[in-house]
Structures are given as C-alpha cells and as structure tokens.
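Below are the chains, spelled out letter by letter.
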Amino acid sequence: MAYFNYFPTVGYDVRGRKDKIKFDLVTNVLVRIRKKLEITNAAIFEQYFIRDGDRADTLAYQFYDDSTLHWIIMYANYITNPYYDWPLTYYDLQKYITKKYDNPNGIHHYEDDDKYEVDSNAPGATAITNSIYEEILNDEKRTINIIRPEYIPQIVSEFKKLM
C-alpha cells in the first residue's frame, strides 16, 4: 500500500501567477491520523530495539514482508519526522555532536545516582558530558513498538476509511 495514495487531494495553484490562476490537484500531506493513546495492549505490540542501519522500511519488510508498510512502524510510535524522531547511527550522532557543541567533552550537567539533574557540588554528583547527554537522548529513541502482523490488515483498512 502506498501511503500517500489514500490521502485526500486539494486544489492548489502551484504556479503562483496572480494573472493566470490555475489549480492542480495535489496530495494534502498535512492530514494526520493518530492512534488512540489508550491502545497500549501488549498483545498488539512487541518491542524492538533499533540497531544502527535499521530504517522503517527495512523493519516493515522484516516484520510484514512489505517495505511499503513503513508508515505503520512510524504510526505506531508517533514518529512524524524520521530525521528527528528516529535514532541516528553512531557515525551520524558523532557528526551531529561535533557540529552542535564546540566542546563535545564539555560538561552538560550533573546527575545524582537516581539520574536527577543536580548541582555540581551535590553529594555523589556525576558529570554528564555533552556527548553522553546526546547519546542518552538518541538511545531513548531506540526502543519502539512493532504492531503484530496479524493486526496489519485491520489497521490498513481503518486508515483507508479515516482518510
């Protein structure tokens, strides 16, 4: 199933000439459907840890034998932007950190044993570098929910109806 084939279209003047307005039908990519938050039943999902090199399309092929169902991987995890919501590879993360921080090994903040942010002079305070901080944020994106294959036809059908 091609994801955008089921989106509605809208008339839009792509030429932008005020003297010759002509509307073309374009796909309305701003339409969104979100899963209900109360759907957290473990019987519907299995957890997966994203490894370097995993992409939504490769996971869709791995789990559903259909790479065009990549949008279901994204949908199940509230991912709307794969560039910001999907974890970076180790190489890309290092490039990102180097670009973002003048000193990747500089202190970002301090944490106590319970991972709460504290002052540097707090008892047991541990320094968290910029690099470690970004690695933690990136790693938090690695555990995702995969909808079990037996539920895919129902989800695709529901998606078509809602669009």
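Note: the structure precedes this text.
Residues numbered from 1 in each chain as written. Predicted model: local features only at pLDDT ≥ 70, side-chain atom pairs only at ≥ 80, totals over all residues. Heavy atoms only, no water.

J.: Could you give me a rundown of the nonpolar core, with the residues and numbers involved?
T.: Ranked by size, the top nonpolar core spans 23 residues in total, and within it Tyr64, Leu69, Ile72, Ile73, Trp86, Ile144 and Ile147 carry the most contacts. Residue assignment for this core shows that the elements contributing at least two residues are strand E3 (45–49), helix H1 (56–64), helix H2 (70–76), strand E7 (143–147) and helix H6 (152–162). Ile72 has contacts with Tyr64, Ile147, Ile152, Ile155 and Val156, leaving out every residue within four places of it along the chain. (Core = buried A, V, L, I, M, F, W, Y, C linked by side-chain atoms within 4.5 Å. Buried < 20%, exposed > 50% of the residue type's maximum accessible area, 1.4 Å probe, protein only. Helix = DSSP H or I, 4+ residues; strand = E, 2+ residues; numbered from the N terminus. Contact = heavy atoms within 4.5 Å.)

J.: So what's going on with the pattern of salt bridges? Residues and values would help.
T.: On inspection of all chains with the given rule, the structure shows six salt bridges. In this structure, Arg148 engages Glu46 in a salt bridge whose closest nitrogen and oxygen atoms are separated by 3.5 Å. A residue pair is termed long-range when its members are at least 10 positions apart, and Arg148 in the loop between E7 and H6 and Glu46 in strand E3 qualify at 102 residues. For Glu46, a relative accessible area of 27% puts it in the partly exposed group. Salt bridges sharing common partners tie together Asp52, Asp139 and Arg142. (Salt bridge = Lys/Arg side-chain N within 4 Å of Asp/Glu carboxyl O.)

J.: A description of the side chain of Ser131 should follow, citing residues and the corresponding values.
T.: Assignment of secondary structure puts Ser131 in helix H5 (residues 130–139). On the basis of relative accessible area, Ser131 is assigned to the buried category, the value being 10%. If we ignore the near neighbours within four places in the chain, the residues touching Ser131 are Gln94, Ile97 and Pro104.

J.: Account for H6, naming residues and giving values.
T.: Listed in full, the buried residues belonging to H6 are Ile152, Ile155, Val156 and Phe159. All buried residues of H6 project into a common sector of 100° when viewed along the axis, lining one side. Among the exposed residues of H6, those pointing more than 90 degrees away from its buried face are Pro153, Gln154 and Lys161. In this structure, the buried side of H6 is in contact with H1, H2 and E7. (Arc of directions from axis to C-beta.)

J.: Break down H1 for me, with residues and values.
T.: Where H1 is concerned, the buried positions are Ala56, Leu59, Ala60, Phe63 and Tyr64. Down the axis of H1, the smallest arc covering the buried residues is 105°, so these residues share one side. On its buried face, H1 is in contact with E3, H2, E7 and H6. Positive backbone phi, at 60°, marks Asp65, one or two positions downstream of H1.

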